[in-house]
Amino acid sequence: MDSPSQDASLRLEAVRLPIAGMRGTSCAGRIEQALRAVPGVHGASVDPASGWADVQTVAPADHRTLARAIERAGYAVPIIKTELAIEGMTCASCVGRVERALRTVPGVTAARVNLATERAVVEGGVDARLLIQAIDDAGYAARPIDRASSREADDAVRKDAEQAALKRAVAVSIALTLPVVVLEMGAHLVPGVHHLINRTLGMQWNWVIQFALTTLVILGPGRRFYQHGFPALFRLAPDMNSLVAVGTLAAYAYSLVATFMPALLPAEAVNVYYEAAAVIVTLILIGRFLEARARGRASQAIQRLIGLQARTARVRRDEETAEIAFGNVVPGDIVEVRPGERVPVDGEVIDGDSYVDESMITGEPVPVAKTAGSAVVGGTVNQNGALAFRATAVGEATVLSRIIRMVEEAQGSKLPIQALVDKVTLWFVPVVIGVALLTFLVWLAFGPAPALTFALVNAVAVLIIACPCAMGLATPTSIMVGTGRGAEMGVLFRKGEALQWLKDAKVIALDKTGTLTEGRPVLTDLELAEGFDRAQVLARIAAVEAKSEHPVGHAIVEAAQAQGLTLPAVAGFRSETGFGVEAMVDGVSIQIGADRYMHRLGLDVATFSGIAERLGDEGKSPLYAAIDGKLAAVIAVADPIKDTTPEAIAALHALGLKVAMITGDNRRTAEAIARRLGIDEVVAEVLPKGKIETVRRLRAVHGHLVFVGDGINDAPALAEADVGIAIGTGTDIAIEAADVVLMSGSLKGVPNAIALSKGTIRNIRQNLFWAFGYNAALIPVAAGVLYPAYGVLLSPVLAAGAMALSSVFVLGNALRLRRFHPPVASAVTGRPDVSGEAVASAGHGATGSVERRMT
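Residues numbered from 1 in each chain as written. Predicted model: local features only at pLDDT ≥ 70, side-chain atom pairs only at ≥ 80, totals over all residues. Heavy atoms only, no water.

- You'll find the protein entered in an unreviewed UniProt entry as P-type Cu(+) transporter, with Steroidobacter denitrificans given as the organism.
- Per UniProt, the protein carries the Sequence similarities (unreviewed entry) text "Belongs to the cation transport ATPase (P-type) (TC 3.A.3) family. Type IB subfamily."
- Comment text from UniProt for the protein, heading Subcellular location (unreviewed entry), reads "Cell membrane". (UniProt positions renumbered as here; feature names shortened; annotations may be inferred.)

What follows is the structure, encoded as structure tokens:
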């Protein structure tokens, strides 16, 4: 390829892409070669030390094509997300323009802007300063969100200040507008007032006073509409402010001419509309103030979570103890917690005894004993003793911070249903301005006398009645409130899209171990073949299983330890997923596993068939042990069904859903459990890699499928399902693969999540129907289509009131989701309604490993 110096006419874009998987200069060379082969690439340089590729492309560059070229070369392009707080957005049109501005920045692969949260999430290796500049060029302000600082200082305080400023603006605007309304409307509506004004002030002075007061309204509280509206209009990117600015200024300018230069107008058209301009500004300010208050209430779930964080921590450093901000704690610090204080960060107790209220994590109201070696979680409350612990996770790494982050990401996401809204609203304001102009011309040409007055009034009404605010808020506010309410019920949506997908569920596929059951099996039976000693067999089996991470192995080890057996040394341990484990103990081979494993070893399990049949009927999982090539024992391990499982299954059936169980257990055991729980379909003896095929088959038969699991081997099925739900007490891999996380180990969250999904989408549809139906119905009315038949015209003042109320209606309707009652009582409080400090995070069943699980 030619170098830039060889062809100075080329306009090149510089793109930086992060690369994962490089191990040296040879990797860098392969990546450079792959990038240079992409059409439009002028040059590429890869630095293996920094892990970045600098690419020069002939504009415009297709960054997804560059990423795919790197991936085809065998490397990965990690997704880097930048989060920005946006100021100045007022409607859905603003959202579309900010997104479009961000997507034009070289290196940006995706951009999502949320009107309700006033945030943008940008994907791509791009300097935040370039993103902020692009937003600034589009007419808005932006700043990076610093997650190391206090969220409250960063967000809540700013919103409080915004509400306070709007409240002051509303008060001043009302005080200035009321006299204008009395002077103008009073004269029209009450003959006595008309005569009084004529006798005392005279019509001219009446209009001059109205001019002075309206000017103060426009230059004071209403200045924000013109400061933002006209620059947007001049950029050919009009927004809601532009509609208000053009409409009110048209009414004001017309009145100005009528007041001071009446000769320029036909005699019959000399009228003033100061009250329309002033009232429109006042009503829209009132609407904005109510919106700001409603948005604050919509984000209360996040604020309650943030409120659980301690503000300070007592840290022991250099043999001195000092109280510092909790954000300054570093891993390894020794933190002291006194009775009644909140634990500031996650850690491990090194000294002291106490009880800690962990209901905000586990959902259990009974305080948990803490001694040396116990894990503590930030945000929980120490009870009656003093503790010292070593900090293991701080800042954004704590469990509570991760929960907050998860909820925030869900609230900032866009549902598929939003795509149509975005397309419509991007062009909505220009279309409204066009309709207003057409209305003006039609009335001016064909309207009755005074035609100019009719043309002006109706054009202003069209401009003011249009409400893209309601369109822009319809979806994100419902998502914000719905995900927040879900968090209060212990249901965390890792992806906001799951809110929409869950409502279409037809079949719920459940993993058994750890999902339907406690996931903590206990050894219930050990039947021996002739010639074997019970203690010796159990000790050898337990020694092998001690090397395994499987819960069944733990149950066997615990049983051996409970009998005081000494476990012999193990060599050559090997595990084969789906079959069993083997090792050498005391010089003899030991194999432990399912009947299929014994069959593969050439051992006949028929001698234990009667026992295995009985155990299976009891819902126990029979395993077999072979010692030195001989079948030695059948082992029965039972995993107790969770107390909450039957109620959850019944609730799923009440929602009209099919329930299936997918398990690697033998069919007899699986069917015994299914009979007890009323499960519709059982798929047993499935190997981990077979779960994906099972999920596909069930989906083909029944339709939209939701998979619920908790283990590492469930991750592929969670990813394959239409919606994957992970039990929060499960592994971090399962949680990462899931779309929804149930923070408690209870299955009750599944019907609750589905019901919440249905309620949220129903709420969004109501909002969209109102927002679009309102405009479809009232814009023609404002334009005057009813006048020829019925003589009905819509006053600009009424249009302003209706516009303000439409946004408030949408927000109020979304806030109804805060009162959503789940079909199954919450795992947090035992009541359908959750409040106070028992918030969204309602808990992990095993706090000791909560740091490992929440990633």
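Once the structure has been displayed, the description carries forward.
What to know about the confidence of the model for the protein
Item 1. On average, the protein scores 80 in pLDDT, and the residues at 70 or more come to 85%.
Item 2. The low-confidence segment residues 1-8 (pLDDT under 50) makes eight contacts with residues lying over four places distant or belonging to another chain.
Item 3. Overall, residues 148-153 carries pLDDT values under 50, and its contacts beyond four positions in sequence, including any with other chains, amount to 12 contacts. (pLDDT = per-residue confidence, 0-100. Contact = heavy atoms within 4.5 Å.)

Some thoughts on the pattern of salt bridges
Two side chains that carry opposite charge are able to pair once their charged atoms sit near each other.
Item 1. For the structure shown, the criterion picks out 22 salt bridges.
Item 2. Across the salt bridge formed by E83 and R119, the nearest N and O atoms sit 3.4 Å from each other. Note that E83 is positioned in strand 4 (residues 81-87) and R119 in strand 6 (residues 119-123), a separation of 36 residues in sequence. Like E83, the residue R119 is buried in the burial classification.
Item 3. Taking the shortest distance from any N to any O, the salt bridge between R112 and E123 comes out at 3.7 Å. Of the two residues, R112 sits in strand 5 (residues 110-114) while E123 sits in strand 6, which places them 11 residues apart along the sequence.
Item 4. For R112, a relative accessible area of 24% puts it in the partly exposed group.
Item 5. Among the residues examined, E123 registers a relative accessible area of 15% and is labelled buried.
Item 6. Residues participating in the shared-partner salt-bridge network are E693, R696, R699, E720 and D722. (Salt bridge = Lys/Arg side-chain N within 4 Å of Asp/Glu carboxyl O. Helix = DSSP H or I, 4+ residues; strand = E, 2+ residues; numbered from the N terminus. Buried < 20%, exposed > 50% of the residue type's maximum accessible area, 1.4 Å probe, protein only.)

Description of the sheet that holds strand 28 (residues 723-727)
Item 1. Read from one edge of the open sheet, seven strands run 17-29-28-27-18-25-26, paired in mixed fashion. Either end of the sheet is taken by a strand with one partner, and the two such strands are strand 17 (491-493) and strand 26 (681-683). For this sheet the average axis-to-axis angle between neighbouring strands, irrespective of direction, equals 20°.
Item 2. Sitting on the sheet, helix 24 (residues 667-677) is in contact with strand 25 (658-662) and strand 26, with an inclination near 155° to strand 26.
Item 3. Most of the contacts of helix 25 (residues 690-702) go to strand 25, to which it runs at about 165°, and overall it touches strand 18 (507-511), strand 25, strand 26 and strand 27 (705-709). (Pairing = 2+ DSSP bridges. Axes fitted to C-alpha atoms, helices over the stretch in contact; angles between N-to-C directions.)

A closer look at the sheet that holds strand 21 (residues 580-585)
Item 1. Strand order in the open sheet made by the six strands is 19-24-23-22-21-20, with antiparallel pairing throughout. This sheet does not close on itself; its edge strands, each paired only once, are strand 19 (522-528) and strand 20 (570-576). Sheet twist, expressed as the mean angle between neighbouring strand axes with direction ignored, is 20°.
Item 2. Running at roughly 165° to strand 19, helix 22 (residues 609-617) makes contact with strand 19, strand 23 (621-627) and strand 24 (630-638) of the sheet.

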